[in-house]
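# Examination of the molecular architecture
Residues per chain are reported as follows:
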Amino acid sequence: MKIVRLGAHEEERLRAVRLAALGDAPDAFGGTLAEAEARPADEWRRQLVALATFVAELEGHDAGMVRAARHEVEPDTGELLSMWVAPPARGRGVGDALVEAVVAWARAEGLRRLVLERR
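Here's what I pulled together on the structure shown here. (Residues numbered from 1 in each chain as written. Predicted model: local features only at pLDDT ≥ 70, side-chain atom pairs only at ≥ 80, totals over all residues. Heavy atoms only, no water.)

## Quick look at the overall build of the chain
Helix and strand counts for the chain come out as 4 helices and 5 strands. Walking the chain from its N terminus toward its C terminus, one meets helices and strands in the order β-α-α-α-β-β-β-α-β. When burial is assessed residue by residue, the chain has 43% of its 119 residues classed as buried. Residue pairs in contact within the chain that sit at least 24 positions apart in sequence constitute 59% of those at least 6 positions apart. When the 17 basic and 20 acidic side-chain charges of the chain are each reduced to a single mean position, those positions are 3 Å apart. (Helix = DSSP H or I, 4+ residues; strand = E, 2+ residues; numbered from the N terminus. Buried < 20%, exposed > 50% of the residue type's maximum accessible area, 1.4 Å probe, protein only. Contact = heavy atoms within 4.5 Å. Lys, Arg positive; Asp, Glu negative; His and termini not counted. Charge placed at Lys NZ, Arg CZ, Asp CG, Glu CD.)

## Here we look at the pattern of salt bridges
One side chain can pair with another of opposite charge once the charged atoms of both are near each other. Applying the stated criterion to the full structure yields 10 salt bridges. Between aspartate 24 and arginine 90 there is a salt bridge; the shortest N-O distance is 2.4 Å. With aspartate 24 in helix α1 (residues 11-24) and arginine 90 in the loop between β4 (77-85) and α4 (94-108), this pair connects stretches of sequence that are 66 residues apart. For arginine 90, a relative accessible area of 45% translates into the label partly exposed. (Salt bridge = Lys/Arg side-chain N within 4 Å of Asp/Glu carboxyl O.)

## A few points about the sheet that holds strand β3 (residues 61-70)
Strand order in the open sheet formed by 5 strands is β1-β2-β3-β4-β5, and the pairing between neighbours is mixed. A single partner strand is all that each edge strand has here, and the edge strands are β1 (2-5) and β5 (113-116). Strand-to-strand twist of the sheet, defined as the mean angle between neighbouring strand axes without regard to direction, takes the value 30°. As defined by bridge partners, strand β2 (residues 52-58) adjoins β3 across 7 bridges and the pair is classed as antiparallel. Paired with phenylalanine 54 across the two strands is valine 66, which belongs to β3. Packed onto the sheet, α1 meets β1, β2, β3 and β4 and runs at close to 100° relative to β3. (Pairing = 2+ DSSP bridges. Axes fitted to C-alpha atoms, helices over the stretch in contact; angles between N-to-C directions.)

## Thoughts on the packing of aromatic side chains
Inspection of every chain in the model, using the stated rule, returns 0 aromatic pairs. Here the guanidinium or amino end of arginine 39 rests over the ring plane of tryptophan 44, the centre of that ring lying 4.9 Å away. (Phe/Tyr/Trp six-rings, centres within 6.5 Å; stacked < 30°, edge-to-face > 60°. Lys NZ or Arg CZ within 6 Å of the ring centre and 35° of its normal.)

## A word on the environment of glutamate 11
Of note, glutamate 11 is situated in helix α1. Once the C-alpha coordinates of glutamate 11 and valine 73 are considered, the two residues, 62 residues apart in sequence, prove to be 27 Å apart. Residue contacts for glutamate 11: discarding those within four places in its chain leaves Ala41, Trp44, Arg45 and Leu48. Side-chain polar atoms of glutamate 11 contact the side chain of arginine 45, separated by 3.1 Å. (Polar contact = N/O pair within 3.5 Å; in protein donor to acceptor, adjacent residues only side chain to side chain.)

Dropping the structure here:
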């Protein structure tokens, strides 16, 4: 397994993983599959610039993703915003590896705390 942080030019990859996540777990995220499908490429690029986005590669396929950002109000805090693991990859440590990537990102950013997104 390999965890990679997506760059701003990888909007199509983000879109594909996000659509897979919304198709698999439509009630787990703040938007709908239809809304995501209609989103233009520049909006996906903006998300990649604004959010730390990590993808898990397993056996040559994207098997999950996680996104994080600095908290809007608390400057020493980061938020884990959304995470998804593809059904065939579940139980194989993908989720753990994605969370570890966010923890490493938060440390590298000098954040002292990491919380789950509050809905």
